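Listed below, chain by chain, are the residues.
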Amino acid sequence: MFPRWVWDFIRVVGGEVVAEVRGWRFDVVSPRFVARPSISDVTSPCLVKRDVWLRKVARVRVDSVVFVLGRVVHEVFLYPFRYVNESLWDIVRGFDRFLNSLNSSVKKYRDVFYKLFRKALAFALYSSEEGIPISVEPMIPAAAIGLSDYVKPDLMVGFIPVDIALAPSSDKGFERKELALAGYALAIEAWTGHPVDYGVAIYVNLGDASLNWKVIRIDDSLRRVFLETRDRVAMILEHPEEPPQPADQCPQTCPYFEVCRR
Ligand code: SF4
């Protein structure tokens, strides 16, 4: 599933991660609030989490092209993994039907989606041939660590959670996926009792469908930041005063930009 260097990296530095804050340490990770946010709430891009408040409390619905594009990129990458046990002919024909059903706002990326699909198909076929255990969007119970009933990493390779995302436009975008992987790791640990020291983020560049793989060490500092953010978001959901807008300029790419600036 992973390129060779990713396996080598994990093998060589494996065992180096020091972590006390494990998912099975219920004295440390148990919820502090009744509200249980989802992983996407905890890792939302807004600094003050106003986007979570708008979505979950004020029930404002937006469906920007960025959202749609993100969902399609996930589905394109995951498609061969979902159907890897079918014939190659059926996988390719099914993918064609999927592409034809896409929203017109993202159809201009058709060629990039094909390139991405071909790469993912190669990984899926190789993993299947090698017998590498991969689950697609497995449902991991997460209430024990104060999150929604279940969380769903995009993929799980053995016990390693994998998250797929569009390559962020700024350095800050990378932190969100690191946090998400920490949340998945804590949930897997709470569920299985198996330590999870690494996660893998795959960033898709829409220009040429290239992939940027990042191995994330899930150490104590990342775990603590995740839990602090989880509590901050839970507090917003439980005490639903409207969060103030941040002092800094908001990115125009935020799907709620128009709503907040009204
Ligand atoms: S526009 Fe700004 S305040 Fe509103 S949700 Fe987006 S980042 Fe947050």
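Residues numbered from 1 in each chain as written. Predicted model: local features only at pLDDT ≥ 70, side-chain atom pairs only at ≥ 80, totals over all residues.

Caption draft 1: Main features of the overall build of the protein chain. Check the secondary structure of the protein chain and you find 10 helices and 7 strands. Across its three principal axes, the protein chain shows a C-alpha extent of roughly 55 × 45 × 30 Å. Across the 262 residues of the protein chain, 30% fall into the buried class. Pairs at least 24 apart in sequence give 72% of the contacts found in the protein chain among residues at least 6 apart. (Helix = DSSP H or I, 4+ residues; strand = E, 2+ residues; numbered from the N terminus. Buried ≥ 20, exposed ≤ 12 C-beta atoms within 10 Å, placed from the backbone. Contact = placed C-beta atoms within 7 Å.)

Caption draft 2: Examining the site of the ligand more closely. Within the structure, the ligand sits among Cys46, Arg50, Asp51, Gln245, Pro246, Cys250, Cys254, Tyr256, Phe257 and Cys260. The set of elements that each furnish at least two residues to the shell around the ligand consists of helix 4 (50-57) and helix 10 (257-260). When grouped by side-chain class, the residues that make up the shell around the ligand number 7 nonpolar, 1 polar and 2 charged. (Near = placed C-beta within 6 Å. Nonpolar A, V, L, I, M, F, W, Y, C, P; charged D, E, K, R; others polar.)

Caption draft 3: Representation of the environment of Tyr109. One can find Tyr109 in the loop between helix 6 (88-100) and helix 7 (110-130). Look at Tyr109 and you get partly exposed, because 19 C-beta atoms sit within 10 Å. For the pair Tyr109 and Val73, spaced 36 residues apart in sequence, the C-alpha to C-alpha distance is 9.9 Å.

Caption draft 4: Representation of the environment of Gln249. With respect to the helices, strands and loops of the structure, Gln249 is situated in the loop between helix 9 (220-238) and helix 10. Owing to 6 C-beta atoms within 10 Å, Gln249 belongs among the exposed residues under this scheme. In this structure, the C-alpha to C-alpha distance between Gln249 and Lys49, residues 200 residues apart in sequence, is 14 Å.

Caption draft 5: How the structure looks around the sheet that holds strand 1 (residues 134-136). Sheet architecture is open: 5 strands sit in the order 1-4-5-6-7, paired in mixed fashion. Either end of the sheet is taken by a strand with one partner, and the two such strands are strand 1 and strand 7 (210-217). If you compare each strand with its neighbour and ignore which way they point, the axes differ by 25° on average. As paired strands, strand 6 (residues 198-205) and strand 7 are joined by 8 bridges and run antiparallel to one another. Of the residues in strand 7, the one forming a bridge with Val200 is Val215. Sitting on the sheet, helix 1 (residues 4-13) is in contact with strand 6 and strand 7, with an inclination near 10° to strand 7. (Pairing = 2+ DSSP bridges. Axes fitted to C-alpha atoms, helices over the stretch in contact; angles between N-to-C directions.)

Caption draft 6: The arrangement of the packing of helix 4 against helix 9 in detail. The geometry of helix 4 relative to helix 9 is characterised by a closest axis approach of 10 Å and an angle of 40° between their N-to-C directions. The orientation of helix 4 relative to helix 9 falls into the category oblique. The chirality of how helix 4 crosses helix 9 is right-handed. Here helix 4 contributes Val52, Trp53, Lys56 and Val57 to the contact with helix 9, which in turn contributes Val233, Ile236 and Leu237. (Parallel < 35°, antiparallel > 145°, perpendicular 65-115°, else oblique. Left-handed = near helix turned anticlockwise from the far one by under 90°.)

Caption draft 7: Structural context of the confidence of the model for the protein chain. Averaged over the protein chain, the pLDDT score is 91; the fraction of residues at 70 or greater is 98%. Put simply, helix 1 is where the protein chain has its lowest mean pLDDT, 84, and strand 3 (residues 150-151) is where it has its highest, 98. (pLDDT = per-residue confidence, 0-100.)

Caption draft 8: Up close: helix 7. An ideal rise of 1.5 Å per residue puts 30 Å on 21 residues; helix 7 measures up with 30 Å between its terminal C-alpha atoms. Packed against the buried residues of helix 7 are helix 5 (65-82), helix 6 and strand 6. Just past helix 7, the residue Gly131 takes up positive phi, approximately 70°. (Expected span 1.5 Å × (residues − 1).)

Caption draft 9: Looking closely at the pairing of strand 6. Note that strand 5 (residues 160-166) and strand 6 share 5 bridges and pair parallel. Along strand 6, the bridge assignment pairs Ala165 with Tyr203. The hairpin turn running from strand 6 into strand 7, its antiparallel successor, is 4 residues long, and Ala209 in that turn takes a positive phi close to 65°.

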